[in-house]
Amino acid sequence: MNDRERAELLVSKMTFAEKMAQMRYDALPIERLGIPAYNWWNECLHGVARSGRATVFPQAIGMASSFNTELMYAVADAISDEARAKYNEYKKFGETEIYQGLTMWSPNINIFRDPRWGRGQETYGEDPYLTGRMAVAFIQGLQGNGRYRKVDATIKHYAVHSGPEDQRHGFNAEVTQKDLYETYLWAFKYCIDNADPSAVMGAYNSVNGDLCSAGKKMLREILRQELHFDGYVVSDCGAICDINKYHKATKNEAESAAMAVNNGCDLNCGNAYKWLKTAATMGLVSEETITDSVVRLFTARYRLGMFDTDCEYDKIPYEVVECEKHRELNRKMAQESIVLLKNDGILPLKEDVRIAVIGPNADDVSVLLGNYNGTPSYYTTILRGIQENAKGQVLYARGCELYDDAVREWAEKPMREAIIAAQKSDVVVLVMGLNPYMEGEEGDEYNGFLSGDKKDLEFPAPQKKLYEAIVKTGKKIVFVNVSGSCLNLYNQDRECSAVLQCFYPGAEGGRAFADILYGHVSPSGRLPVTFYRSVEDLPLFKDYSMDNRTYKFYKGKPVYEFGYGLTFSEIQEKWVDENHVEVHNVGEYDTAYTVLKYEWIPHKSLCGFQKIFLRKGETIEVRF
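Residues numbered from 1 in each chain as written. Predicted model: local features only at pLDDT ≥ 70, side-chain atom pairs only at ≥ 80, totals over all residues. Heavy atoms only, no water.

Asker: How should the side chain of Thr 96 be read in this particular structure?
Answerer: Along the chain, the position of Thr 96 falls in the loop between α4 (69–90) and α5 (128–143). On the basis of relative accessible area, Thr 96 is assigned to the buried category, the value being 7%. Residues contacting Thr 96, with those up to four places away along its chain left out, are Ala 37, Tyr 38, Asn 39, Tyr 87, Tyr 90 and Lys 91. (Helix = DSSP H or I, 4+ residues; strand = E, 2+ residues; numbered from the N terminus. Buried < 20%, exposed > 50% of the residue type's maximum accessible area, 1.4 Å probe, protein only. Contact = heavy atoms within 4.5 Å.)

Spelled out as structure tokens, the structure:
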């Protein structure tokens, strides 16, 4: 029997009540059938998350900056090895708890349409094609290519979901059909067609009045019929209760649960499906419909080898977790995730130069990790990476608080130390930006009044004051912005000798940064988002029209455009025709380089990219 036939047989032995209990994310055991309890909620956005020690790779937005699908596949393969290794040990306890299983609620393939969105760091940027290509590589690396699935990948959040975070539970995104299919659904279709993801997670919001986790049009007509998705659907956490509580589309939880199941939401993260018994008693949902969903869920569990003894992945040992091979892979991805935005020739630095490393993000571990992260036991901050490589003097000064500019007479006054350090150095490496507590998901960020979103693109006030003070010293500045999103770098582009964007670079981020700073590796990252000067140039945050957004439709002049990124070498492209380009390295450095291909439909649109490596003096022909 195949996996579905085995699932049908097993489910046929369950009572109606037992079936309904399997549709909760924290599925109950059925001991008489040999089914252990299983928690479907697991995360691996850029490493196995919330499950203790793991290799923490760069945040998703940083990995997108690599434009390297082969490297992305290798990263996902390593992540799924670690997930399996952990599961192989966790299951010996007789059941798995939350974050200990194989059904991963990653990747996030929403479009980062507005830089104010706090969760944009979890995405692959603003372009649907880049998002689709990177996501397909990630999904394929996660799920493997064996008889069994190594882990399940879940593409989320379906669909048209990108803030505002404080309105997400009852928000209705209004979009044109053009924007819906060209921008918001494109990556979902591409992933379904090319990577066969196991699951789709429905979003909290509705689209043009139809609920993403329970609507007939979004789930049955578009996802199942148009996009031909045949896996299982899981709701975002609490989304089904939102139907009656915030969307006001039903009267109570029983009606909400019935609506979701009848339209194809198989699994509920939350507690709404405990009302399925009531819904069934009221005649709102049939046992046949429940059975269909449970069969889909158990087909997935059989496909993961959960009930078999010959699964090839059962042999993955615990020792792969954060192993040396994975840490080296992490370092390589971190190197390729860093984007060089300006260089007047100051970089790479000589190792014996006297450096002042200044700024609140220079020695902060949290900015390595992003959100939805694991816990590394090996990690290197930017400061530590520089110290490990420098042969000259390295002075360090935090200089200011990250965002708190409250004046307290008893508090430390760190700015003068930073000025002294700058004065006694040849070069200042000024490390500023945000951290994951300042941008992210509703409910777990410091800026509760914005629920994780940003109100603007400016640096926090204490950092602005520190920046101005260091500029006044007259020292050459290598400016490093560490963030998960765009900040206004207009002044830095005008006033600093070099500018680098570092998207929460993972546990090896400090070493990778030092590799680039000192020229051991040439930078090769490109921006996966547009860097604007101000939100005043953009439409309202809650306006989901793509007009005047992203590189495709923006009418203004950005500080740095999508796809921008420098290397230490000089690369020349000679396009022979629209599908054939000769790439020449006429500079002095070996370097990786990404060739970007655009089409005009009629707006500019990325339609191809290839990452290559060129040695000094080398020419490579690239064909699309």
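Asker: Can you walk me through the domain arrangement of the protein in this structure?
Answerer: By a frequent convention, interface size equals the accessible area lost on bringing the separate parts together. What the domain assignment lists for the protein is domain 1 (1–35 + 151–312), domain 2 (324–566) and domain 3 (569–623). The gap between the C-alpha centroids of domain 2 and domain 3 is 27 Å. Listed by partner, the interface residues are 11 residues for domain 2 and 14 residues for domain 3. Here domain 2 and domain 3 share an interface that buries about 1,000 Å² over both sides, 49% of which is from carbon and sulfur atoms. Between Lys 611 and Glu 336 there is a salt bridge, with the nearest N and O atoms lying 2.7 Å from each other. Inspection of the domain 2/domain 3 interface yields seven residue pairs in polar contact (both at pLDDT 80 or more). Looking at the side of domain 2 that touches domain 3, the element that brings in the most residues is helix α20 (residues 550–553), giving three residues. (Domains from an automatic or database assignment. Buried area = accessible area lost by both parts, 1.4 Å probe. Salt bridge = Lys/Arg side-chain N within 4 Å of Asp/Glu carboxyl O. Polar contact = N/O pair within 3.5 Å; in protein donor to acceptor, adjacent residues only side chain to side chain.)

Asker: How do you make sense of the sheet that holds strand β4 (residues 172–173) when you look at a structure like this?
Answerer: Within a beta sheet, neighbouring strands are joined by backbone hydrogen bonds and run either parallel or antiparallel to one another. Spatially, β4-β6-β7 is the arrangement adopted by the three strands of the open sheet, whose pairing is mixed. Edge positions in the sheet fall to β4 and β7 (210–211), since each has one partner strand and no second. As defined by bridge partners, strand β6 (residues 206–207) adjoins β7 across two bridges and the pair is classed as antiparallel. When the sheet's bridge partners are listed, Val 207 is paired in β7 with Asp 210. (Pairing = 2+ DSSP bridges.)

Asker: Hey, could you run me through the UniProt feature "domain: Glycoside hydrolase family 3 N-terminal" (unreviewed entry) in the protein in this one?
Answerer: The UniProt record marks residues 26–299 with the feature "domain: Glycoside hydrolase family 3 N-terminal" (unreviewed entry), using the residue numbering of this structure. Along residues 26–299 the backbone is 40% helical and 8% strand, and the end-to-end C-alpha distance reaches 17 Å. (UniProt positions renumbered as here; feature names shortened; annotations may be inferred.)

Asker: Please explain the nonpolar core as it appears in this structure.
Answerer: Nonpolar side chains in soluble globular proteins tend to be buried together. Among the nonpolar cores identified, the biggest contains 120 residues, and Trp 40, Trp 105, Tyr 158, Val 160, Leu 223, Tyr 273 and Leu 606 are the most heavily contacted of them. Tallying contributions element by element places α5 first for this core, with nine residues. Beyond its immediate stretch of four places on either side in the chain, Trp 40 contacts Gln 22, Arg 24, Tyr 25, Ala 27, Thr 103, Trp 105, Tyr 232, Leu 267, Leu 297 and Arg 301. Of all hydrophobic cores here, the second largest spans 73 residues; its members include Leu 349, Ala 356, Ala 498 and Tyr 554. (Core = buried A, V, L, I, M, F, W, Y, C linked by side-chain atoms within 4.5 Å.)

Asker: Honestly, the packing of α4 against helix α13 (residues 324–337) in this entry has me stumped. Any pointers?
Answerer: Axis separation between α4 and α13 bottoms out at 10 Å; the angle between their running directions is 145°. At the point where α4 passes α13, the crossing takes the left-handed sense. Across the interface between the two elements, Leu 71, Met 72, Ala 74, Val 75, Ala 78, Asp 81 and Glu 82 of α4 pack against His 326, Leu 329, Lys 332, Met 333 and Glu 336 of α13. For the contact of α4 with α13, the residue count by class is seven nonpolar, one polar and four charged. (Axes fitted to C-alpha atoms, helices over the stretch in contact; angles between N-to-C directions. Left-handed = near helix turned anticlockwise from the far one by under 90°. Nonpolar A, V, L, I, M, F, W, Y, C, P; charged D, E, K, R; others polar.)

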